[in-house]
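# Reading the structure
Residues per chain, in single letters:
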Amino acid sequence: MTDQTHEIDVEKLEEVATKSAIQLSSENRGKNRRSPIERREDIPRAHRVVIKVGSSSLTSIESSIDEQAVRMIVDALGGAKARGLELVFVSSGAITAGLAPLGLSRRPKNLAGKQAAAAVGQGLLMGRYIESFARFGVTVGQVLVTAEDLMRRSHYKNTHRQIERLLDFGVLPIVNENDAVSSQEIKFGDNDRIAALIAHLIKADVLLLLSDVDALYTKDPRKGGERIPEVKDPIKDLEGVQIGSVGRAGVGSGGMVTKVQAARIAAASGIPALVTSAENINRALDGEDVGTWFAASGGRRNVRLLWLAHLADIKGSLTLDEGAVAAIRDRNSLLAAGVIGVSGTFEAGEPVSLRDPEGKEIAHGLSNYSSEEIPPMLGKSTSVLAEELGDDYSRELVHVDNLVVLRPRGARTRLKK
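Only a predicted model underlies this, so the values are computations on that prediction, with no experimental measurement involved.

### Focus on empty space enclosed by the protein
Tallying each qualifying case throughout the model produces three cavities of 30 Å³ or more. In terms of lining, the second largest cavity is formed by S91, A94, Q122, L125, M126, Y129, Q142, I174 and N176. Going through the elements one at a time, α4 (111-133) and β8 (172-177) are the ones with two or more residues in the lining of the second largest cavity. Sorting elements by how many residues they give to the lining of the second largest cavity places α4 first, with four residues.

### Comments concerning the UniProt feature "binding site: substrate" (unreviewed entry) in the chain
With numbering aligned to this structure, UniProt lists the feature "binding site: substrate" (unreviewed entry) at S92, D179 and N191. Assignment of secondary structure puts S92 in the loop between β6 (86-91) and α3 (94-97). Excluding residues within four positions of it along the chain, S92 makes contact with K52, V53, G54, S55, L58, L125, N176 and N191. Here N191 lies in the loop between β8 and α7 (192-201). A residue is classified by how much of its surface remains accessible, and N191, at 5% relative accessible area, is buried. Contact partners of N191, with chain neighbours within four places excluded, come to K52, V90, S91, S92, N176 and E177. At a separation of 2.8 Å, a polar atom in the side chain of N191 contacts the side chain of N176.

### Observations regarding the packing of aromatic side chains
Each aromatic ring pair is described using two quantities: the centre-to-centre distance and the angle formed by the ring planes. This model, assessed by the stated rule, comprises three aromatic pairs. Summarising the aromatic geometry, the rings of Y369 and Y393 are spaced 5.6 Å apart at their centres and angled 15° between planes, so their arrangement reads as stacked. You can see Y369 sitting in the loop between β17 (361-366) and α12 (382-389) and its partner Y393 sitting in the loop between α12 and β18 (403-405), a full 24 residues away along the chain. Assessed through its relative accessible area of 2%, Y369 is described here as buried. Owing to a relative accessible area of 22%, Y393 belongs among the partly exposed residues under this scheme.

### Quick look at the sheet that holds strand β12 (residues 273-277)
Spatially, eight strands are ordered β7-β8-β6-β3-β9-β12-β13-β10 in an open sheet, and the strand pairing comes out mixed. Strands at the two margins of the open sheet, each flanked by one partner only, are β7 (140-145) and β10 (230-231). Where strand β3 (residues 48-53) lies against strand β9 (residues 206-211), five bridges are found, and the strand directions are parallel. Bridge pairing in β9 links V50 to L207. Across the face of the sheet, helix α2 (residues 67-82) comes into contact with β3, β6 and β8 while running at roughly 160° to β6.

### Some words on the environment of E279
Turning to its location among the elements, E279 is positioned in the loop between β12 and α9 (281-285). Taking relative accessible area as the criterion, E279 reaches 67% and is therefore assigned exposed. Spatially, the C-alpha atom of E279 lies 7.8 Å from that of D212, the residues being 67 residues apart in sequence.

### Description of the UniProt feature "binding site: ATP" (unreviewed entry) in the chain
As recorded in UniProt, the sites labelled "binding site: ATP" (unreviewed entry) are K52, S211, D212, S253, G254, G255, M256, V257, T258 and K259. Along the chain, V257 turns up in helix α8 (residues 256-268). Owing to a relative accessible area of 10%, V257 belongs among the buried residues under this scheme.

### Side note on unusual backbone geometry
Although it is not a glycine, K203 sits at a positive phi angle of roughly 55°. One non-glycine residue with positive phi stands out, namely R331, at about 70°. Along the chain, R331 falls in the loop between α11 (322-329) and β15 (339-344). Since its relative accessible area comes to 25%, R331 is described here as partly exposed.

### Regarding the pattern of salt bridges
In this structure the tally under the stated criterion is 16 salt bridges. When the shortest N-O distance is used, the salt bridge between D289 and R40 registers 3.7 Å. Highlighted residues: D289 in the loop between α9 and β13 (292-294) and R40 in the loop between β2 (23-24) and β3, separated in sequence by 249 residues. A relative accessible area of 8% means that R40 is categorised as buried. For the salt bridge of K380 with E388, the shortest nitrogen-to-oxygen distance reads 2.8 Å. K380 gets classed as partly exposed once you look at its relative accessible area, which sits at 26%. Three or more residues are tied together by salt bridges with common partners; here these are R39, E41, D42 and R45.

### Considerations on the side chain of S353
By the secondary structure assignment, S353 is in strand β16 (residues 351-355). Once residues lying within four places of it in the same chain are set aside, the contact partners of S353 are I314, G316, S317, L318, E361, A363 and H364.

### Some points on the packing of α7 against α8
Relative orientation of the contacting elements α7 and α8 amounts to 15°, with a least axis distance of 8 Å. Between α7 and α8, the angle falls in the class roughly parallel. Note on packing geometry: the crossing formed by α7 with α8 is right-handed. Two secondary-structure elements touch here, α7 through D192, R193, A196 and L197 and α8 through T258, K259, Q261, A262, I265 and A266. Each residue belonging to the contact of α7 with α8 can be placed in one class, and the counts come to five nonpolar, two polar and three charged.

Thresholds applied
- Residues numbered from 1 in each chain as written.
- Predicted model: local features only at pLDDT ≥ 70, side-chain atom pairs only at ≥ 80, totals over all residues.
- Heavy atoms only, no water.
- 1 Å grid on protein atoms, 1.4 Å probe; cavity = no way out; pocket = protein on both sides within 12 Å on 5 of 7 lines; lining within 4 Å.
- Points joined across faces, edges and corners; volume = space filled by probe spheres on them.
- Helix = DSSP H or I, 4+ residues; strand = E, 2+ residues; numbered from the N terminus.
- UniProt positions renumbered as here; feature names shortened; annotations may be inferred.
- Contact = heavy atoms within 4.5 Å.
- Buried < 20%, exposed > 50% of the residue type's maximum accessible area, 1.4 Å probe, protein only.
- Polar contact = N/O pair within 3.5 Å; in protein donor to acceptor, adjacent residues only side chain to side chain.
- Phe/Tyr/Trp six-rings, centres within 6.5 Å; stacked < 30°, edge-to-face > 60°.
- Pairing = 2+ DSSP bridges.
- Axes fitted to C-alpha atoms, helices over the stretch in contact; angles between N-to-C directions.
- Salt bridge = Lys/Arg side-chain N within 4 Å of Asp/Glu carboxyl O.
- Parallel < 35°, antiparallel > 145°, perpendicular 65-115°, else oblique.
- Left-handed = near helix turned anticlockwise from the far one by under 90°.
- Nonpolar A, V, L, I, M, F, W, Y, C, P; charged D, E, K, R; others polar.

And the structure:
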(Lines give C-alpha, C1' and ligand atoms only; values in the text may rest on other atoms or scores of the structure.)
Protein backbone atom coordinates (compact mmCIF):
# COMPACT_ATOMS: atom_id res chain seq x y z
CA MET A 1 0.00 0.00 0.00
CA THR A 2 1.42 3.39 -0.98
CA ASP A 3 0.80 6.78 0.60
CA GLN A 4 -0.75 8.17 -2.55
CA THR A 5 -4.45 8.82 -2.79
CA HIS A 6 -6.65 9.84 -5.64
CA GLU A 7 -10.07 11.42 -5.57
CA ILE A 8 -12.96 9.51 -7.02
CA ASP A 9 -16.71 9.74 -7.07
CA VAL A 10 -17.73 7.18 -4.45
CA GLU A 11 -21.04 6.45 -6.19
CA LYS A 12 -19.24 5.68 -9.46
CA LEU A 13 -16.79 3.47 -7.61
CA GLU A 14 -19.42 1.57 -5.70
CA GLU A 15 -21.50 0.09 -8.52
CA VAL A 16 -23.92 -1.77 -6.29
CA ALA A 17 -23.61 0.75 -3.47
CA THR A 18 -24.66 3.53 -5.79
CA LYS A 19 -28.11 2.30 -4.95
CA SER A 20 -27.52 2.66 -1.21
CA ALA A 21 -28.46 6.34 -1.44
CA ILE A 22 -31.66 5.59 -3.35
CA GLN A 23 -34.99 7.25 -2.87
CA LEU A 24 -37.72 4.75 -3.68
CA SER A 25 -40.74 5.86 -5.62
CA SER A 26 -43.90 4.63 -3.98
CA GLU A 27 -43.26 2.27 -1.11
CA ASN A 28 -43.11 4.50 1.97
CA ARG A 29 -46.82 4.83 2.59
CA GLY A 30 -46.99 4.27 6.34
CA LYS A 31 -46.42 0.53 6.32
CA ASN A 32 -42.61 0.73 6.29
CA ARG A 33 -40.67 1.78 9.32
CA ARG A 34 -37.14 2.33 10.44
CA SER A 35 -35.42 0.14 12.98
CA PRO A 36 -36.32 1.03 16.59
CA ILE A 37 -32.56 1.27 17.27
CA GLU A 38 -31.62 4.89 16.64
CA ARG A 39 -28.33 5.21 18.56
CA ARG A 40 -25.46 2.84 19.21
CA GLU A 41 -26.31 3.05 22.92
CA ASP A 42 -29.59 1.33 22.04
CA ILE A 43 -27.93 -1.80 20.59
CA PRO A 44 -28.44 -3.81 23.83
CA ARG A 45 -32.19 -3.35 23.29
CA ALA A 46 -32.08 -4.88 19.82
CA HIS A 47 -34.02 -8.08 19.22
CA ARG A 48 -32.41 -9.22 15.97
CA VAL A 49 -28.85 -8.42 14.84
CA VAL A 50 -26.82 -9.36 11.78
CA ILE A 51 -23.09 -9.58 12.44
CA LYS A 52 -20.57 -9.84 9.65
CA VAL A 53 -16.91 -10.70 10.34
CA GLY A 54 -14.28 -10.35 7.64
CA SER A 55 -11.63 -12.80 6.48
CA SER A 56 -8.80 -10.81 8.01
CA SER A 57 -10.33 -11.26 11.47
CA LEU A 58 -10.88 -15.02 11.20
CA THR A 59 -8.15 -16.46 9.00
CA SER A 60 -4.61 -15.96 7.77
CA ILE A 61 -2.69 -17.32 4.82
CA GLU A 62 -0.07 -18.88 7.07
CA SER A 63 -2.27 -20.63 9.63
CA SER A 64 -5.58 -21.00 7.80
CA ILE A 65 -8.16 -20.60 10.58
CA ASP A 66 -7.18 -18.35 13.49
CA GLU A 67 -8.36 -20.46 16.44
CA GLN A 68 -8.02 -17.62 18.95
CA ALA A 69 -10.03 -15.25 16.78
CA VAL A 70 -12.77 -17.83 16.24
CA ARG A 71 -12.97 -18.44 20.00
CA MET A 72 -13.29 -14.70 20.66
CA ILE A 73 -16.09 -14.27 18.13
CA VAL A 74 -17.94 -17.39 19.25
CA ASP A 75 -17.67 -16.41 22.92
CA ALA A 76 -19.25 -13.04 22.15
CA LEU A 77 -22.02 -14.46 19.95
CA GLY A 78 -22.70 -17.39 22.24
CA GLY A 79 -23.02 -15.07 25.21
CA ALA A 80 -25.30 -12.68 23.31
CA LYS A 81 -27.53 -15.53 22.17
CA ALA A 82 -27.75 -16.81 25.73
CA ARG A 83 -29.10 -13.36 26.68
CA GLY A 84 -31.94 -13.84 24.19
CA LEU A 85 -30.57 -11.95 21.19
CA GLU A 86 -31.53 -13.33 17.77
CA LEU A 87 -28.38 -13.46 15.66
CA VAL A 88 -27.47 -14.10 12.05
CA PHE A 89 -23.73 -14.48 11.53
CA VAL A 90 -22.30 -13.63 8.10
CA SER A 91 -18.85 -15.17 7.99
CA SER A 92 -16.12 -14.61 5.46
CA GLY A 93 -12.97 -16.71 5.33
CA ALA A 94 -13.86 -19.83 3.35
CA ILE A 95 -11.32 -19.23 0.59
CA THR A 96 -8.50 -18.29 2.95
CA ALA A 97 -9.28 -21.23 5.25
CA GLY A 98 -8.70 -23.56 2.30
CA LEU A 99 -5.32 -22.17 1.26
CA ALA A 100 -3.03 -23.95 3.73
CA PRO A 101 -4.66 -27.40 3.29
CA LEU A 102 -4.14 -27.02 -0.47
CA GLY A 103 -0.53 -25.94 -0.01
CA LEU A 104 -1.19 -22.48 -1.46
CA SER A 105 0.83 -19.50 -0.29
CA ARG A 106 -1.48 -16.84 -1.65
CA ARG A 107 -5.11 -16.26 -2.56
CA PRO A 108 -5.76 -17.58 -6.10
CA LYS A 109 -6.54 -15.04 -8.78
CA ASN A 110 -8.45 -17.35 -11.09
CA LEU A 111 -12.03 -18.43 -10.46
CA ALA A 112 -11.33 -22.17 -10.42
CA GLY A 113 -8.61 -21.75 -7.79
CA LYS A 114 -10.92 -19.69 -5.57
CA GLN A 115 -13.67 -22.26 -5.95
CA ALA A 116 -11.33 -25.09 -4.99
CA ALA A 117 -10.08 -23.23 -1.92
CA ALA A 118 -13.62 -22.36 -0.89
CA ALA A 119 -14.80 -25.96 -1.31
CA VAL A 120 -12.16 -27.08 1.19
CA GLY A 121 -12.35 -24.05 3.46
CA GLN A 122 -16.12 -23.92 3.91
CA GLY A 123 -16.19 -27.33 5.55
CA LEU A 124 -13.21 -26.57 7.77
CA LEU A 125 -14.67 -23.26 8.90
CA MET A 126 -18.10 -24.72 9.66
CA GLY A 127 -16.47 -27.56 11.57
CA ARG A 128 -14.77 -25.04 13.85
CA TYR A 129 -18.03 -23.15 14.36
CA ILE A 130 -20.02 -26.28 15.16
CA GLU A 131 -17.43 -27.34 17.72
CA SER A 132 -17.04 -23.90 19.25
CA PHE A 133 -20.73 -23.02 19.52
CA ALA A 134 -21.43 -26.41 21.12
CA ARG A 135 -19.80 -25.03 24.25
CA PHE A 136 -22.83 -22.76 24.59
CA GLY A 137 -25.35 -25.40 23.57
CA VAL A 138 -25.96 -23.49 20.33
CA THR A 139 -26.84 -25.31 17.12
CA VAL A 140 -25.65 -23.62 13.95
CA GLY A 141 -26.92 -23.96 10.41
CA GLN A 142 -25.03 -23.09 7.24
CA VAL A 143 -26.75 -20.87 4.67
CA LEU A 144 -24.80 -20.60 1.41
CA VAL A 145 -26.00 -17.97 -1.03
CA THR A 146 -24.86 -16.68 -4.38
CA ALA A 147 -25.59 -13.37 -6.02
CA GLU A 148 -28.08 -15.20 -8.21
CA ASP A 149 -30.00 -16.29 -5.11
CA LEU A 150 -30.50 -12.64 -4.26
CA MET A 151 -31.13 -11.49 -7.83
CA ARG A 152 -34.01 -13.84 -8.54
CA ARG A 153 -37.07 -12.90 -6.57
CA SER A 154 -38.19 -16.50 -6.00
CA HIS A 155 -34.74 -17.44 -4.67
CA TYR A 156 -34.72 -14.32 -2.53
CA LYS A 157 -37.96 -15.39 -0.88
CA ASN A 158 -36.67 -18.93 -0.38
CA THR A 159 -33.57 -17.60 1.38
CA HIS A 160 -35.80 -15.51 3.62
CA ARG A 161 -37.95 -18.50 4.55
CA GLN A 162 -34.90 -20.63 5.25
CA ILE A 163 -33.29 -18.13 7.64
CA GLU A 164 -36.58 -17.37 9.39
CA ARG A 165 -37.23 -21.07 9.94
CA LEU A 166 -33.76 -21.60 11.39
CA LEU A 167 -34.37 -18.72 13.79
CA ASP A 168 -37.72 -20.25 14.74
CA PHE A 169 -35.87 -23.42 15.74
CA GLY A 170 -33.40 -21.43 17.83
CA VAL A 171 -30.58 -22.16 15.38
CA LEU A 172 -27.86 -19.61 14.68
CA PRO A 173 -27.69 -19.20 10.87
CA ILE A 174 -24.17 -18.78 9.49
CA VAL A 175 -24.35 -17.15 6.07
CA ASN A 176 -21.58 -17.12 3.52
CA GLU A 177 -21.32 -16.43 -0.17
CA ASN A 178 -21.14 -19.78 -1.91
CA ASP A 179 -17.73 -19.16 -3.48
CA ALA A 180 -17.45 -22.81 -4.51
CA VAL A 181 -20.18 -22.44 -7.13
CA SER A 182 -20.40 -18.67 -7.82
CA SER A 183 -19.63 -17.71 -11.40
CA GLN A 184 -17.41 -14.79 -12.33
CA GLU A 185 -20.32 -12.94 -13.89
CA ILE A 186 -22.60 -12.88 -10.87
CA LYS A 187 -20.14 -13.01 -7.99
CA PHE A 188 -20.36 -10.28 -5.37
CA GLY A 189 -16.67 -10.49 -4.46
CA ASP A 190 -17.30 -9.83 -0.77
CA ASN A 191 -19.76 -10.62 2.00
CA ASP A 192 -20.31 -7.04 3.16
CA ARG A 193 -23.16 -6.24 0.79
CA ILE A 194 -24.60 -9.72 1.35
CA ALA A 195 -24.71 -8.88 5.06
CA ALA A 196 -26.56 -5.63 4.35
CA LEU A 197 -29.06 -7.39 2.13
CA ILE A 198 -29.57 -10.22 4.63
CA ALA A 199 -30.17 -7.58 7.33
CA HIS A 200 -32.94 -6.14 5.21
CA LEU A 201 -34.23 -9.58 4.26
CA ILE A 202 -34.88 -10.58 7.87
CA LYS A 203 -35.77 -7.06 9.12
CA ALA A 204 -32.82 -6.87 11.50
CA ASP A 205 -32.67 -4.06 14.05
CA VAL A 206 -28.98 -3.35 13.45
CA LEU A 207 -26.04 -4.50 11.32
CA LEU A 208 -22.52 -4.89 12.75
CA LEU A 209 -19.68 -4.96 10.20
CA LEU A 210 -16.50 -6.18 11.88
CA SER A 211 -13.01 -6.31 10.39
CA ASP A 212 -9.44 -5.53 11.48
CA VAL A 213 -10.03 -1.75 11.46
CA ASP A 214 -11.67 -0.17 14.50
CA ALA A 215 -13.50 2.68 12.71
CA LEU A 216 -13.74 4.84 9.63
CA TYR A 217 -11.19 7.67 9.71
CA THR A 218 -10.88 10.91 7.75
CA LYS A 219 -7.55 9.50 6.52
CA ASP A 220 -4.86 7.10 7.75
CA PRO A 221 -4.85 7.53 11.57
CA ARG A 222 -1.07 7.11 11.54
CA LYS A 223 -0.94 10.30 9.52
CA GLY A 224 -3.26 12.34 11.70
CA GLY A 225 -6.60 10.99 10.54
CA GLU A 226 -9.48 11.42 12.97
CA ARG A 227 -12.12 8.84 13.76
CA ILE A 228 -15.55 9.53 12.30
CA PRO A 229 -17.91 8.57 15.15
CA GLU A 230 -21.16 8.91 13.19
CA VAL A 231 -22.41 9.28 9.63
CA LYS A 232 -25.86 10.84 9.38
CA ASP A 233 -25.71 12.01 5.79
CA PRO A 234 -23.64 9.63 3.61
CA ILE A 235 -23.15 12.35 1.01
CA LYS A 236 -22.06 15.32 3.12
CA ASP A 237 -20.42 13.45 6.01
CA LEU A 238 -18.05 11.49 3.74
CA GLU A 239 -16.85 14.50 1.76
CA GLY A 240 -13.05 14.32 1.44
CA VAL A 241 -12.68 11.11 3.45
CA GLN A 242 -9.77 8.85 2.47
CA ILE A 243 -10.87 5.22 2.47
CA GLY A 244 -8.39 2.35 2.48
CA SER A 245 -8.95 -0.19 -0.27
CA VAL A 246 -7.91 -3.40 1.54
CA GLY A 247 -7.60 -4.68 5.07
CA ARG A 248 -4.24 -4.93 6.80
CA ALA A 249 -4.07 -8.72 6.55
CA GLY A 250 -4.48 -8.69 2.79
CA VAL A 251 -6.73 -11.76 2.71
CA GLY A 252 -10.14 -10.17 2.23
CA SER A 253 -11.83 -9.11 -0.98
CA GLY A 254 -13.53 -5.96 0.21
CA GLY A 255 -11.74 -3.67 2.64
CA MET A 256 -13.17 -0.52 4.18
CA VAL A 257 -14.69 0.60 0.88
CA THR A 258 -17.19 -2.26 0.87
CA LYS A 259 -17.90 -1.76 4.59
CA VAL A 260 -18.99 1.78 3.80
CA GLN A 261 -21.01 0.57 0.82
CA ALA A 262 -22.78 -2.05 2.92
CA ALA A 263 -23.43 0.36 5.79
CA ARG A 264 -24.99 2.82 3.37
CA ILE A 265 -27.20 0.15 1.81
CA ALA A 266 -28.44 -0.85 5.27
CA ALA A 267 -28.93 2.72 6.47
CA ALA A 268 -30.84 3.66 3.32
CA SER A 269 -33.27 0.81 3.99
CA GLY A 270 -33.92 1.79 7.61
CA ILE A 271 -31.30 -0.33 9.38
CA PRO A 272 -28.47 1.42 11.26
CA ALA A 273 -25.01 -0.07 10.91
CA LEU A 274 -21.86 -0.01 13.02
CA VAL A 275 -18.43 -0.41 11.41
CA THR A 276 -15.70 -1.43 13.84
CA SER A 277 -13.11 -4.12 14.56
CA ALA A 278 -13.78 -7.72 15.55
CA GLU A 279 -11.86 -7.06 18.76
CA ASN A 280 -14.61 -4.59 19.69
CA ILE A 281 -17.44 -7.09 19.26
CA ASN A 282 -18.41 -7.19 22.96
CA ARG A 283 -18.18 -3.41 23.33
CA ALA A 284 -20.28 -3.00 20.18
CA LEU A 285 -22.97 -5.36 21.45
CA ASP A 286 -22.94 -3.46 24.77
CA GLY A 287 -23.60 -0.18 22.96
CA GLU A 288 -20.30 1.46 23.83
CA ASP A 289 -18.82 4.36 21.86
CA VAL A 290 -16.73 2.41 19.36
CA GLY A 291 -16.43 2.41 15.58
CA THR A 292 -18.42 4.49 13.12
CA TRP A 293 -22.20 4.55 13.41
CA PHE A 294 -24.26 4.88 10.21
CA ALA A 295 -27.64 6.24 11.24
CA ALA A 296 -30.72 4.99 9.41
CA SER A 297 -31.56 7.41 6.61
CA GLY A 298 -34.63 5.76 5.11
CA GLY A 299 -37.57 3.51 5.88
CA ARG A 300 -38.00 -0.20 5.45
CA ARG A 301 -37.86 -1.06 1.77
CA ASN A 302 -40.27 -3.08 -0.30
CA VAL A 303 -38.47 -6.34 -1.06
CA ARG A 304 -39.27 -6.19 -4.76
CA LEU A 305 -37.93 -2.66 -5.08
CA LEU A 306 -34.85 -3.44 -3.04
CA TRP A 307 -34.19 -6.31 -5.42
CA LEU A 308 -34.67 -3.94 -8.34
CA ALA A 309 -32.30 -1.37 -6.83
CA HIS A 310 -29.43 -3.59 -5.74
CA LEU A 311 -29.65 -6.98 -7.38
CA ALA A 312 -31.57 -6.95 -10.63
CA ASP A 313 -29.71 -8.01 -13.77
CA ILE A 314 -30.27 -4.91 -15.91
CA LYS A 315 -31.02 -6.03 -19.47
CA GLY A 316 -31.12 -2.74 -21.36
CA SER A 317 -31.74 0.98 -21.10
CA LEU A 318 -34.24 3.67 -22.04
CA THR A 319 -33.05 7.20 -22.76
CA LEU A 320 -35.44 9.91 -21.59
CA ASP A 321 -35.95 13.53 -22.58
CA GLU A 322 -35.67 16.24 -19.93
CA GLY A 323 -39.41 16.32 -19.32
CA ALA A 324 -39.53 12.61 -18.61
CA VAL A 325 -36.49 12.87 -16.34
CA ALA A 326 -38.30 15.50 -14.26
CA ALA A 327 -41.45 13.38 -14.18
CA ILE A 328 -39.55 10.31 -12.96
CA ARG A 329 -37.83 12.31 -10.21
CA ASP A 330 -41.28 13.59 -9.18
CA ARG A 331 -42.39 9.95 -8.77
CA ASN A 332 -44.46 9.57 -11.91
CA SER A 333 -44.74 6.67 -14.36
CA LEU A 334 -42.68 6.68 -17.54
CA LEU A 335 -44.69 7.23 -20.73
CA ALA A 336 -43.55 6.49 -24.26
CA ALA A 337 -43.87 10.17 -25.14
CA GLY A 338 -40.85 10.96 -22.99
CA VAL A 339 -38.52 8.26 -24.34
CA ILE A 340 -36.07 9.11 -27.10
CA GLY A 341 -34.03 5.91 -27.31
CA VAL A 342 -33.81 2.23 -26.40
CA SER A 343 -30.81 -0.10 -26.23
CA GLY A 344 -30.19 -3.70 -25.25
CA THR A 345 -32.38 -6.76 -25.59
CA PHE A 346 -35.07 -7.44 -23.00
CA GLU A 347 -38.51 -8.93 -22.61
CA ALA A 348 -41.59 -7.39 -21.04
CA GLY A 349 -41.28 -7.44 -17.25
CA GLU A 350 -37.47 -7.36 -17.22
CA PRO A 351 -35.40 -4.66 -15.47
CA VAL A 352 -33.99 -1.74 -17.45
CA SER A 353 -31.93 1.34 -16.68
CA LEU A 354 -33.51 4.76 -17.21
CA ARG A 355 -31.05 7.43 -18.35
CA ASP A 356 -31.13 11.16 -19.00
CA PRO A 357 -30.14 12.65 -22.39
CA GLU A 358 -26.46 12.68 -21.32
CA GLY A 359 -26.54 8.98 -20.48
CA LYS A 360 -26.52 9.36 -16.71
CA GLU A 361 -28.50 6.65 -14.92
CA ILE A 362 -31.36 8.08 -12.90
CA ALA A 363 -33.52 5.03 -12.13
CA HIS A 364 -34.20 1.33 -12.54
CA GLY A 365 -37.56 0.04 -13.65
CA LEU A 366 -39.47 -2.98 -14.94
CA SER A 367 -40.45 -2.46 -18.56
CA ASN A 368 -44.00 -3.27 -19.59
CA TYR A 369 -42.83 -3.93 -23.14
CA SER A 370 -40.01 -5.79 -24.86
CA SER A 371 -37.11 -4.05 -26.61
CA GLU A 372 -38.65 -5.05 -29.95
CA GLU A 373 -42.01 -3.47 -29.15
CA ILE A 374 -40.73 -0.11 -27.92
CA PRO A 375 -39.13 1.59 -30.98
CA PRO A 376 -42.45 2.27 -32.80
CA MET A 377 -43.82 3.74 -29.54
CA LEU A 378 -41.13 6.34 -28.93
CA GLY A 379 -42.28 9.93 -28.55
CA LYS A 380 -45.96 9.11 -28.96
CA SER A 381 -48.76 9.91 -26.55
CA THR A 382 -50.97 7.18 -25.12
CA SER A 383 -53.91 8.30 -27.24
CA VAL A 384 -51.87 8.09 -30.44
CA LEU A 385 -50.51 4.68 -29.43
CA ALA A 386 -54.01 3.39 -28.78
CA GLU A 387 -55.13 4.64 -32.18
CA GLU A 388 -52.11 3.33 -34.12
CA LEU A 389 -51.22 0.12 -32.28
CA GLY A 390 -54.24 -0.75 -30.16
CA ASP A 391 -55.24 -0.38 -26.53
CA ASP A 392 -52.58 -2.86 -25.40
CA TYR A 393 -49.96 -0.22 -26.22
CA SER A 394 -51.59 2.69 -24.38
CA ARG A 395 -50.08 1.77 -21.01
CA GLU A 396 -47.02 3.41 -19.47
CA LEU A 397 -43.62 1.95 -20.39
CA VAL A 398 -42.70 1.68 -16.71
CA HIS A 399 -45.26 2.03 -13.92
CA VAL A 400 -44.33 4.18 -10.94
CA ASP A 401 -44.76 1.19 -8.59
CA ASN A 402 -42.01 -0.60 -10.50
CA LEU A 403 -39.51 2.28 -10.34
CA VAL A 404 -36.48 2.89 -8.14
CA VAL A 405 -35.17 6.44 -8.43
CA LEU A 406 -31.48 6.99 -7.70
CA ARG A 407 -30.38 9.99 -5.71
CA PRO A 408 -28.11 12.40 -7.62
CA ARG A 409 -24.42 11.82 -7.04
CA GLY A 410 -22.59 14.37 -4.98
CA ALA A 411 -20.09 12.96 -2.53
CA ARG A 412 -16.48 12.70 -3.48
CA THR A 413 -14.36 10.42 -1.36
CA ARG A 414 -10.69 9.62 -1.56
CA LEU A 415 -9.82 5.97 -2.03
CA LYS A 416 -6.38 5.12 -0.66
CA LYS A 417 -4.52 2.69 -2.88
